[in-house]
Amino acid sequence: MPSPSTELTKLLDKIRELEEDAEKSRYLEEALRESESYYKSILDSMQIGLVIIDEETRVIIDANPAACERINARRDDIVGKVCHSFICPKERGQCPIADLGQAIDRSERVLLDIRGESIPILKTVTRLQLGGQNYLVENFIDITERKYAEQMVLAAKDAAEKANASKSLFLANMSHEIRTPMNGIIGLTDILLGSSLAGSQRTYLEMIRSSGDRLLSVINDILDFSRIEAGKLELERIAFSFRSAVAEVVEILRIKANEKHLRLVTHIDDDVPDGLLGDPGRLAQVIVNLIGNAIKFTAQGEVCLQVRLGEVPSSREVLLHFTVRDTGIGISDDKRKMIFDAFSQADTSFSRRYGGSGLGLTISAHLVRLMGGNIWLDDSGTPRPGRDGCRKGGDGRGAVFHFTVHLPVVTTARATGDRPPAEREDRVPALAEEKKHRILLVEDDFINRTLAETLIRQEGWLVESVENGRQAVAAVRENGPYDAVLMDVQMPEMDGFAATREIRAQERREKYGHLPIIALTAHAMKGDYEKCLKAGMDDYISKPISRQNFVAVVRRVLDGDS
């Protein structure tokens, strides 16, 4: 039998154990309270709204102050309510985690405040398991300002697109309004130059023709620059003969060089392929700008164009390196850095000897970039003799411009066969027509109507004229048949597109043959040729009219070759 002292010792040990357990329990309780206080202070200080939801009942069991503030209610007004009363009100039964089995949900949703007003939120929801119970922990931020900013960006984008559309329409109208009178000036001058004139009369008319060409060049530069600003300047993609395109440009420029007694040299390396795919018209524009400037700023000596292959990326594409050298006045150091800037000119003094809009190099730089290349001014000074045939011969230090373009190679080049009809030229002299072709001219401008009538009659064709599309439709119906129609596009009462569609509809109704219709228009924007074809026209002549091109296109249509 245990002694009383032994029993007392056991009792004291038990008491001490209980005291230690109680101390541990108090410690644990205090630690738990501190932990709860710690995490609660974190949640309370968060700027992100946070709610805890019982997954089974969808009841909110807690919400931090940020959530209460965004819901615009007290915690007691939120806790105990079903979560869809405030969060994602339209997604009842469609909870990505509780109903659709996702592990986590990050999405843009809607929060309803206590007054029922919608607030856009970005929320994240995860599942939390405590004591065998599943909870949804949902945090969210108010993205009202971000949504507003997005709306402003979209509104600005929409406004910019509308402004660009308006600018494009303005450019098209400006092109029409400017080219229409220029067509009359240049065209009628050409007709007079083809007649018998006294010496002084011919001199004056040649001066008018030269001034008209200069004005048209400036107008084209301004319109091209406006297209660049509006993002509407695009390139064609057609097969062409590279050497033929360069030769055609150089022969035109050679006339200006000969007038100043300058030697114009061209050298194309033998390994440069001839069949290429691109925009020969825009490539020619760059060459004309650079060689034209070189001729303008060179008093004596020569201008040289060299073309060689750069690094070849693949067998299907080439990098062409163009060099234009001259022996002219050169470009001063202070002008070199700004030479490609808009409206920049090498000579800006009031007494300057050289004209120009100051846009040619800016437009050339943009065209070269569209063709995947680069353009730059060489700092090497006076041209040196080389395999390109250029040699020193001027009294200035000269200028050397370079530009590169990337162009795909084609096996067969169709130099002019793939160009839009408005750009093709017939080099064969016109032959006398046995048949008196009957042509209907639709043109509202008196001067341009007179010009076109004169050109038609000079070819021995018969012409009847009306002033708008409505009259044209009536004439075709009542006075036909005609062999062709020359149709202006922009006219009062009924434009050329609408008139063409109505004539085509008449053909289908009456079941008579196809009447060739040629667009005769001052619209010269990208895509105008395609619009004419889509409206049912057969060909396209752009104003100002080139007599040679005018006759070639009309003759081609009359012969059935369009």
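The structure contained in this document is the topic of the report that follows.

The rules we used
- Sequence order sets the numbering: in each chain, residues are counted from 1 along the sequence as written.
- The model is predicted, so local features are restricted to residues of pLDDT at least 70 and side-chain atom pairs to those at 80 or more, both for listing and for counting; the totals for chains, interfaces and linings are taken over all residues.
- Side-chain numbers come from the whole structure's heavy atoms, not from hydrogens or water.
- Patches here are clusters of residues that have more than 30% relative accessible area and form no salt bridge, with a 9 Å joining cutoff for like charges and a 5 Å cutoff for nonpolar side chains (Val, Leu, Ile, Met, Phe, Trp, Tyr).
- We get accessible surface area from the Shrake-Rupley algorithm with a probe of 1.4 Å; when it comes to residues, only the shown protein chains can shield them.
- We define a salt bridge as a side-chain nitrogen of Lys or Arg found within 4 Å of a carboxyl oxygen belonging to Asp or Glu.
- Only DSSP runs of H or I reaching four residues or more are called helices, and only runs of E reaching two or more are called strands; each is numbered from the N terminus.
- Categorising residues by exposure relies on relative accessible area from a 1.4 Å probe, with only protein chains included: less than 20% of the type maximum marks a residue as buried, more than 50% marks it as exposed, and the intermediate range marks it as partly exposed.
- Should DSSP find at least two bridges between two strands, the strands are regarded as paired.
- Buried and open spaces are told apart on a 1 Å grid over the protein atoms alone, a cavity being a set of points where a 1.4 Å probe fits but cannot get out and a pocket being an open set with protein on both sides within 12 Å along at least five of seven lines. Residues with an atom within 4 Å of a point are the lining residues.
- Grid points are joined across faces, edges and corners, and a volume is the space filled by probe spheres set on the points.
- Between N-to-C directions, angles span 0 to 180 degrees; the directions come from axes that are lines fitted to C-alpha atoms, helices contributing only their stretch in contact.
- With respect to orientation, any angle under 35 degrees is reported as roughly parallel, any angle over 145 as roughly antiparallel, any angle of 65 to 115 as roughly perpendicular, and every other angle as oblique.
- With the far helix as reference, a near helix turned anticlockwise by less than a right angle produces a left-handed crossing, and one turned clockwise produces a right-handed crossing.
- It only takes one pair of heavy atoms within 4.5 Å for two residues to be counted as in contact.
- In this classification, the charged set is Asp, Glu, Lys and Arg, the nonpolar set is Ala, Val, Leu, Ile, Met, Phe, Trp, Tyr, Cys and Pro, and all remaining amino acids, among them Gly, are polar.
- Here the nonpolar core consists of buried residues drawn from Ala, Val, Leu, Ile, Met, Phe, Trp, Tyr and Cys, with membership extended through side-chain atoms lying within 4.5 Å.

### Focus: a nonpolar patch on the surface
A grouping of Ile48, Leu122 and Ile141 is seen on the molecular surface, where their side chains present a nonpolar patch of about 190 Å² in accessible area. Looking at the secondary structure, you find Ile141 in strand β5 (residues 133-142).

### Some words on the pairing of strand β1 (residues 49-54)
Counted residue by residue, β1 has six buried out of six residues, so it is predominantly covered. Inspection of the sheet shows β1 paired to β5 by six bridges, in the antiparallel sense. Counterpart to Gly49 in the pairing with β5 is Phe140. Here β1 hands over to strand β2 (residues 60-63) after five residues, with Arg58 in that stretch at a positive phi of 65°.

### Topic: empty space enclosed by the protein
The tally for this structure, following the rule as stated, stands at three cavities of 30 Å³ or more. Reported here for the largest cavity is a volume of approximately 120 Å³. Taken together, 14 residues line the largest cavity, and the ones lying closest to its centre are Cys83, His84, Cys95, Lys123 and Glu138. Listed by contribution, the elements that provide at least two residues to the lining of the largest cavity are β4 (118-130) and β5.

### Considering the packing of helix α11 (residues 469-479) against helix α12 (residues 496-510)
To characterise two packed helices, one gives the angle between the axes of the helices and the distance between these axes. Relative orientation of the contacting elements α11 and α12 amounts to 20°, with a least axis distance of 9 Å. If you check the angle between α11 and α12, you find them roughly parallel. For the crossing formed where α11 meets α12, the hand is right-handed. For the pair α11 and α12, the contacting residues are Gly469, Val473, Val476 and Arg477 in the first and Ala499, Glu502, Ile503 and Gln506 in the second. The class makeup of the residues in the contact of α11 with α12 is four nonpolar, two polar and two charged.

### Re the nonpolar core
Within the largest apolar cluster, 47 residues are counted, with the highest numbers of intra-cluster contacts made by Phe242, Leu283, Leu320, Phe322 and Phe403. Setting aside chain neighbours within four positions, we find Phe403 in contact with Leu283, Val286, Ile287, Leu290, Leu320, His321, Phe322, Val368, Asn374, Ile375 and Trp376. Membership of the second largest hydrophobic core comes to 24 residues, among which are Val473, Leu515, Ala519 and Tyr529.

Distances and angles like these do not, on their own, reveal function.
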